[in-house]
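Commentary on secondary and tertiary structure
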Amino acid sequence: MIDTDTMVQAGASVVERLEIVGGRKLRGVVNVSGAKNAVLKLMAASLLSNSQCIIRNAPKIRDVETMIGVLRSLGMEISWADENTLRITNNGDLKDTASDELVRQMRASAQVMGPLLTKIGRVKLFQPGGCVIGQRPLDLHLKGFQALGAEVIEEHGYILAQARGGLKGTEILLDFPSVGATENIMAAAILAEGVTIIRNAAKEPEIIEEQNFYNRLGARIRGAGTDTIRIEGVSQLNNRDIDYTVIPDRIEAGTFMIAAAAGGDVEIAALIPEHVEALISKLKEIGIEVETKEESVRVRSTGRYRSADVTVLPYPGFPTDLQPQITALLAVADGTSIITENVFGSRFRYVDELIRMGAAIRVESRSAIVKGNTKLSGAPVYAPDLRAGAALVIAGLLAEGKTTIEGVQYLERGYERLEEKLVGLGAEIKRLD
Ligand code: UD1
């Protein structure tokens, strides 16, 4: 007889997989959803609002649902107003700590620290988790908080930051242009006394989004998008409701561009082409035809792929979040490519899965040497993280025969209706329980 516990465990361990039949040409138009890495931060930023924030073009993905839970556990009211619109209300009763269980599921939970620290002077957070793509410490975030005058203690798996005597503006030079640290420090400085300058700041488009959002709330920030951000502390923010539309997801757009390059002729619409420039120039180098329009790009595969070296760098360099996907494509190129990862330490865990599909790749330290000149063949594979999952989908499209991908839960963290969008383009892909 099966007892209830066993049944629950069995239920929890039901494994969903994606099955892809390779070789189908993708054709048509696909619309890009709102940016995961922007919406999560705007949601955290709404902790600083004194009234209601409407966030439009929010993708319905698992990370957004997790952030909804994190914010609710902090005392915010948040709900879906319609399919892609979030309504967030701060009724003034914020807690200083969020649900441990949710925080451990997603590293972006750490982005509530800066807003809480500046707004209520204290935050206690379980060390956040997230995709395993290398060591991801929060030292730069915490050093920034300390420079602003906060006391930071790390013990028993928690981070406790307190601003006993208030926060004071200062100059902070980041050792690395970390996206999360730039965002958290920018937020913490908003209600600090005096001016804060962040040097060697991250320049990602998502940071500009946050600057715009915070300034609508009454903050005084400028310079986002450059390596120097200046935050003039204000004593309080305004009480206005805001209505904000999230930018398109450049990583989702890039994933579809690479999928189209893997075989097809696809218009990727509702995106900002400037945000995917590094990828456009790399695809052209590989021999893909890319036509840029005002708010879309058309990507046409010629069926032949030249090898190319890829160096991953912070924005505007080639994004780390597209590194696994381009590696999958280069596996079938006509020569050797070297992919060098300069942002995350160990983001090549998916390589063994590509090798299982026939790719010839050797990883040496921060580089993957892709021999090319191989044909991929469908196989059962496992997605170890979100973008690795996307790379395996692309490999599955390129491969001969059936590929089954385990680890669908990772893809759901960051891609809205991925199968539906791919099926709409003519891919043969379905979910298996
Ligand atoms: C964000 C993105 C992620 C993207 C990454 C780089 C979100 C939710 N996630 O992650 O998709 O891949 O930017 O573009 O927006 N580091 C430290 N100490 C710190 C902080 C970071 O050493 O305190 C290191 C990290 O270990 C990593 C590198 O800096 O090697 C880059 O990390 P960071 O830019 O902070 O990425 P995230 O904000 O975590």
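Quick summary incoming for the structure in this document.

What counts as what
Residues numbered from 1 in each chain as written. Predicted model: local features only at pLDDT ≥ 70, side-chain atom pairs only at ≥ 80, totals over all residues. Heavy atoms only, no water. Helix = DSSP H or I, 4+ residues; strand = E, 2+ residues; numbered from the N terminus. Near = heavy atom within 4 Å. Polar contact = N/O pair within 3.5 Å; in protein donor to acceptor, adjacent residues only side chain to side chain. Areas by Shrake-Rupley, 256 points an atom, 1.4 Å probe, with all protein chains shown as cover. Nonpolar A, V, L, I, M, F, W, Y, C, P; charged D, E, K, R; others polar.

1. Looking at unusual backbone geometry
- The residue after Tyr315, namely Pro316, is reached through a cis peptide bond having omega 10 degrees.
- Within the secondary structure layout, Pro316 lies in the loop between strand S17 (310-312) and helix H11 (323-330).
- Positive phi, close to 50 degrees, is recorded for His156, a residue that is not glycine.
- Structurally, the position occupied by His156 is in the loop between strand S7 (151-155) and strand S8 (158-162).
- Its identity as a non-glycine residue notwithstanding, Ala270 has a phi of 60 degrees, on the positive side.
- On the secondary structure map, Ala270 appears in the loop between strand S14 (264-269) and helix H10 (277-286).

2. Quick look at the site of the ligand
- Near the ligand, the surroundings consist of 21 residues, among which Asp139, Leu140, Ser178, Asp321 and Val343 are the closest.
- At 2.6 Å, a side-chain N or O of Asp321 approaches an oxygen atom of the ligand.
- Here the ligand, which alone exposes 730 Å², has 87% of that area covered by the protein.
- Only helix H2 (36-45), helix H6 (139-147) and helix H7 (179-189) provide two or more residues apiece to the shell around the ligand.
- Across the shell around the ligand, the residue classes tally to 8 nonpolar, 6 polar and 7 charged.

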